[in-house]
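# Residue-level structure breakdown
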Amino acid sequence: MVSYLTNLVEGILTAIILTPLIGAILLMLPPRGDDRSVRRSALAFSLIPLVLSLIAVYFFYWKSPPAGAASNYRFLQEVPWIVGGAAHDRTIASAENPGGLNIAFRVGVDAISLWLLVLTALLTPLAIWSGFTAVRERVREYHVCMLLLEAALLGVFCSLDLLLFYVFFEFTLIPLFLLIGIWGGHERRRAAMKFFIFTLTGSVFTLAGVIYLAYYTYSVLGFVNLDIRALIVMGQSGAIPFHVQWWLFLAFAAGFAIKVPLFPLHTWLPLAHTEAPTAGSVILAGVLLKLGTYGFCRLAIPMFPDAARHWAPAVGVLAVIGIIYTALCAWVQRDVKKLVAYSSVSHLGFCMLGLFSLKVIGVTAGVFYMVNHGLSTGALFLLVGFIYERYHTRDIHAIGGLAKPMPWLAFFLVFFTLSSIGLPMLNGFVGEFLVLVGTATSQSVSDGRPAGPLGLSYVVPAATGIILGAVYMLWMCQRVLFGPLTEPPHTPDTSTGLPRDLGRREIAILTALAICCLFLGLFPAMILDSVTNSVRQNVLIGTERGAVTVPPAISGQNDGLVVEARREIGIDQRLESVGQ
Amino acid sequence: MNNSESLKYLGLLILLGPLLGAILAGALGPRVLRGATHWVSILGVATAFVGAILVFGAVRGFAPGVTGAIAPVYDWLPTGGSSYFRFEFLFDPLTAIMLLTVTGVSLLVVIYSRDYMREHDHPEQGYERFFAFLALFVASMCLLVLGGNFVMLYAGWELVGLCSYLLIGFYYSKPSAAAAAKKAFLVNRIGDFGFGLAILLIYLFFGTVDYSKVFEMARHGVIANGAPFTPELATTISLLLLCGACGKSAQIPLYVWLPDAMEGPTPVSALIHAATMVTAGIYMIARCGVIFVASPTAMTVVAIIGAATALFAATIALVQTDVKRILAYSTISQLGFMVLGLGVYAADSAIFHLFTHAFFKALLFLGAGSVMHAMSGVIDVRHFSGLRKVLPVTYATFLIGALALAGFPMLSGFFSKDVILHHALHVRPFLGFLGIVTAAFTAFYTFRMVFLTFHGPLKLPEGVHAHESGKWMLVPLVVLSVGAIGAGYLGVEALGSPLTRFISPVFESTFGAAAKHMELGEAAEHAGFWGEYGLMIASGAIAIAGILSAYVVYVRQPWIPGLVRASAMGLHRTLWNKYYVDEAYNDAIVEPLRQTGSVCVALDDYLIDGLLWFVTAIPRALGFLLRTMQTGLLHTYAVTMVAGVALIVLWITW
């Protein structure tokens with residue numbers, strides 16, 4: 001019985017991806033209930049992935065994988081998708097069965113993707129629940145979009161196949177485009193178009209990269225292999241020469257950097273955020289932007305380690321400029337939502353800095369930062385949405401002194417502000433501090449590992465972002481919460497049945513997020529330990545262990561050493577095993 | 001070790017007692033406890049106080065030669081691999097003294113607040129919020145002094161900053177209070193920027209953030225990879241740490257937040273902005289002594305900043321009329337004395353002054369609160385006078401505090417200030433001289449405040465029915481005045497100076513060794529009667545002279561101040577406007593930055609966005625081209641298809 005359950009659990013990722021999809025289909029089918037029942041069933045369908053992902057967490061941490069399974073990733077499933085080869089029997093192409101394609105519905109998670117999966121599964125139901133009163137038109141279509149978006153996002157984090165990853169990655173655009181364009185604010189059409197065009201332009205380059213990579217694997221292995229694990233091993237073992245990596249990294253980075261967004265590619269984001277409905281903003285900031293950073297962490301850095309090292313200083317400089325520049329932009333915004341949007345760009349600069357420190361601690365902190373940012377920025381967007389529902393304005397000059405009539409709002413706004421500006425014992429501090437530690441120690445050569453690309457010169461300007469972050473967030477709090485009460489005429493609008501202060505539903509949503517923030521701030525090791533392992537196994541394999549950086553002057557005599565290093569980490573064996 | 005285990009629980013008790021009080025006050029206060037909310041906070045803080053006494057006992061009981069004990073609690077932040085920034089406590093004499101000071105004064109202030117935060121015996125609005133924040137502050141401050149590594153120090157540092165923010169902004173509907181709270185947080189953030197960088201540097205070069213390991217390496221003059229701990233590195237780290245200390249302990253150039261912080265309720269000013277939180281910077285420098293003394297440059301900077309701040313703030317205090325602001329500038333000035341003490345290698349004296357200052361400054365603030373309570377919130381000396389008749393107990397206790405602050409002989413401030421001046425005159429005579437000038441100013445402005453408030457004809461603000469405060473407020477005042485009189489004797493050499501003797505082992509290998517190395521200790525010991533007592537007599541005389549001149553100017557010949565003001569208009573205006581520092585900061589830093597922000601937004605909206613649209617125009621143009629082909633007419637498609645097939649056939653058969 002137990003082993004049966006354990007085997008069943010191995011398919012949990014498929015179930016997690018499929019439930020919201022099934023929910024979306026069922027919502028579209030007759031019998032069509034009223035808005036109320038649509039809302040409730042959408043919420044129910046989005047809660048199932050949450051429960052399933054928590055079960056996955058349980059099995060990930062407290063149950064060992066079934067015998068024979070690889071330990072790097074859990075809950076592996078592989079269903080041939082686009083195959084073919086000399087054998088012509090619909091088996092996956094391999095070294096023995098060359099000439100075809102190895103493209104599969106291939107899912108599996110390590111600690112990095114698992115926690116982003118949980119984040120997605122947590123934020124979506126909360127976002128849906130938050131929209132119970134805000135969304136009054138085309139309720140069914142709205143919830144279908146939300147569920148489709150969730151399915152696509154969950155799919156990205158589970159994918160271990162490059163094509164599958166790309167399909168999910170691109171598919172997220174459609175529901176979000178609709179969410180912004182239909183349920184957005186006054187300028188929703190322009191915002192949706194801009195969002196779509198910008199991100200699509202970037203991912204066209206990524207697609208080109210994927211296609212070239214497929215061709216490249218064909219030319220090296222004799223068949224097209226889009227198994228991400230195999231591609232990583234190829235990249236780490238030096239099977240992809242530097243000049244190829246150089247181009248491929250740029251192609252992948254084009255798509256990911258726009259998603260993150262990395263300065264100066266961020267201009268689509270403030271508009272998209274301001275115009276999106278609250279739930280859309282929450283998912284956009286909370287999860288969708290992480291697709292960019294996740295892409296770097298899962299694909300670009302491990303697959304093209306030499307190019308990543310080569311480009312890291314450039315990325316670092318852009319990240320640092322972005323941190324300061326967008327923080328200054330945030331400071332002068334009048335629109336609260338735009339302020340939070342700019343702050344989001346500023347924060348993700350820290351995340352990029354951590355990832356491109358190319359040190360275990362920095363990358364781990366970068367991953368942790370993704371989760372943090374999802375929680376705190378998501379909550380801030382929710383709060384802005386709750387204010388907007390009552391006052392129909394986001395103008396910082398039109399509202400003020402809300403702490404008096406809305407103590408709960410004040411409590412949560414201050415709480416998440418503190419989380420966002422990195423108060424110790426809350427989650428934000430852990431990410432921020434460890435990112436800076438990672439960046440600062442990037443160049444230190446400890447236990448025989450090569451120097452990383454970043455260093456103190458990046459930390460000092462980036463750390464000013466911490467001051468600026470406090471400046472604009474506290475400025476916003478002061479304007480919105482404190483001082484004499486200021487309300488636009490004929491508000492607060494209670495026609496929708498909303499209470500003056502936050503209601504129980506809203507408090508429950510924010511409390512859930514607040515507990516997560518507090519927990520992650522106090523006991524980050526729960527997550528960080530396992531993420532550290534995954535970073536070592538799946539991200540920084542060669543970049544840290546010295547297979548790549550041999551001074552060119554002596555590399556001729558040191559070939560033996562490189563081979564030694566490669567044997568030590570078992571890259572050749574793994575390359576062989578994946579090739580077969 | 002069993003000892004470390006029990007110390008761990010003791011530390012947790014000190015943290016969790018007030019924390020639980022805060023949570024209960026916050027959660028149950030508004031609905032259940034209401035007017036009785038103060039009880040949970042008082043109990044929580046009392047728990048911490050009892051814990052602090054136990055810690056004191058435990059530290060006294062350490063075997064000879066053992067200066068401290070580390071008690072790890074859990075692994076907090078993983079730093080890659082299996083190493084962690086741990087959540088751990090350090091127990092040593094410095095921690096014990098700080099804990100006693102913090103929890104002791106806190107307890108009295110919480111008790112005092114029970115009455116102060118009521119109007120006509122009804123809890124003021126936000127009563128439970130106040131007690132929740134106050135208890136949270138005590139927990140955070142205990143975390144700060146208990147922490148066993150730099151990251152924990154930083155955590156406590158930020159958390160006390162948060163509580164300070166919340167409490168300064170307690171009357172948040174007042175725009176000035178909200179602005180002051182934000183200012184306090186942001187100015188402190190600037191300091192934290194330096195502090196944070198210092199921690200990163202320490203981790204980078206020492207490979208750890210644990211006090212014990214870092215200080216051990218620094219003491220032996222090495223860093224993690226065996227390279228020498230160079231004076232340049234020591235200077236960099238020390239100055240960055242000093243930057244943090246300047247923020248929290250309100251030293252030049254980051255002192256500007258403290259006077260504004262007086263927007264908070266008076267008990268908060270007494271506790272956070274006088275007795276405890278603002279001394280965190282002193283604690284930090286004292287704790288990191290080994291790093292500071294490795295860099296003579298840094299020590300010079302510390303001493304100069306301390307002496308300059310002491311004098312600078314004292315001059316401003318000469319002309320202010322708001323009692324709380326006078327006290328705030330006086331706090332800045334006294335903190336300057338402590339920093340000066342650290343800078344002249346007299347860390348034990350600095351901590352001694354910190355200890356006595358906590359008593360008399362808390363006493364003065366609470367006394368001012370009592371006046372404010374009686375005057376229905378008015379605290380400007382221009383609006384009242386002659387209050388000694390209506391507020392006798394307040395007057396008596398306030399007078400004791402003022403005498404202690406002024407350095408009147410045989411009161412606590414006299415002894416502790418004297419030892420600092422003594423060292424300063426030996427090490428850096430000029431700075432010591434500045435310290436003496438400051439002491440004279442201190443005596444003068446303190447008694448200017450006393451005479452204007454309590455002497456002269458009785459004058460009350462309009463519509464105020466003055467009354468002495470109740471027992472809840474007077475008992476803490478009396479207890480503190482006993483401390484203000486007696487605390488100094490713990491450091492008097494003739495009585496064996498139990499306090500300095502208790503604490504000096506901590507500094508023996510840092511400040512002490514450095515001082516010995518510079519042959520400072522020798523000079524002090526062989527100074528003879530006049531060397532030893534001459535200064536004491538002189539500083540006592542200066543204090544009395546300051547008090548007397550204030551008496552002459554403000555009581556006997558009250559026309560003098562007006563004449564002086566009229567004859568030195570420019571100087572008076574400069575002092576009244578606090579040397580225009582706030583304005584300068586605003587014009588030189590804040591406004592340019594905001595304008596840069598506007599420029600950034602303009603760049604974003606026009607230049608960058610325009611460029612990006614231009615780039616994305618290429619695919620769009622392509623799409624436009626292709627769209628013209630998608631006519632929807634079947635025959636065009638057919639023609640195109642035939643043409644295409646023909647081309648392919650041609651190509652194959654070629």
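Preceding this section is the structure that the text describes.
The paragraphs below set out a description of the structure included in this document. (Residues numbered from 1 in each chain as written. Chains lettered and ligands numbered in written order. Predicted model: local features only at pLDDT ≥ 70, side-chain atom pairs only at ≥ 80, totals over all residues. Heavy atoms only, no water.)

## Comments concerning the interface of chain A and chain B
Counted only if it meets this: Contacts between residues were defined by any pair of non-hydrogen atoms, one from each residue, lying within 4.5 Å. In short, buried area is how much 1.4 Å probe accessible area vanishes from two parts on joining, totalled over both. We define a salt bridge as a contact between a side-chain nitrogen of Lys or Arg and a carboxyl oxygen of Asp or Glu at a distance within 4 Å. As used in this structure description, the phrase polar contact means that two N or O atoms lie within 3.5 Å; if the pair is within protein, one of them must be able to donate a hydrogen and the other to accept it, and residues adjacent in sequence are counted only when both atoms belong to side chains. Secondary structure elements follow DSSP: runs of H or I of four or more residues count as helices, runs of E of two or more count as strands, with numbering from the N terminus. Following the grouping adopted for this structure description, the nonpolar residues are Ala, Val, Leu, Ile, Met, Phe, Trp, Tyr, Cys and Pro, the charged ones are Asp, Glu, Lys and Arg, and the polar ones are all others, Gly among them.
The partner chain B presents 55 residues to the 62 residues of chain A that form the contact. Roughly 5200 Å² is buried in total at the junction of chain A and chain B, and carbon and sulfur atoms are behind 76% of that figure. Taken together, the links from chain A to chain B amount to one salt bridge. A salt bridge links Lys194(A) to Asp609(B); its shortest N-O distance comes to 2.6 Å. For the pair chain A and chain B, the number of links is 15 residue pairs in polar contact (both at pLDDT 80 or more). Those elements giving two or more residues to the side of chain A that touches chain B turn out to be α8 (188–221), α13 (305–331), α15 (360–391), α16 (407–420), α17 (427–440), α18 (456–481), α19 (504–522) and α20 (525–539) of chain A. Considering each element in turn, the side of chain A that touches chain B owes the most residues, 14 residues, to α18(A). Across the side of chain A that touches chain B, the residue classes tally to 46 nonpolar, twelve polar and four charged.

## Some remarks on the environment of Met28(A)
Residues and elements named next belong to chain A. Let me state the cut-off plainly: Partly exposed describes any residue whose relative accessible area lies between the buried limit of under 20% and the exposed limit of over 50%, with all areas from a 1.4 Å probe on protein chains only and scaled to the type maximum.
Here Met28 lies in helix α2 (residues 12–28). By relative accessible area, which is 42% here, Met28 ends up partly exposed. Considered as a pair, Met28 and Arg140 are 112 residues apart in the sequence and their alpha carbons are 7.4 Å apart.

## Concerning the pattern of salt bridges
As enumerated under the stated definition, the model contains 24 salt bridges over all chains in all. Between Asp582(B) and Lys183(B) there is a salt bridge; the shortest N-O distance is 2.9 Å. Placement of Asp582(B) in helix α25 (residues 581–629) and of Lys183(B) in helix α6 (residues 175–206) is noted, with a sequence separation of 399 residues between them. Residue classification places Asp582(B) among the partly exposed positions, given a relative accessible area of 24%. Here the residues in one salt-bridge network are Glu78(A), Arg106(A), Asp161(A), Asp227(A) and Arg229(A), joined through shared partners.

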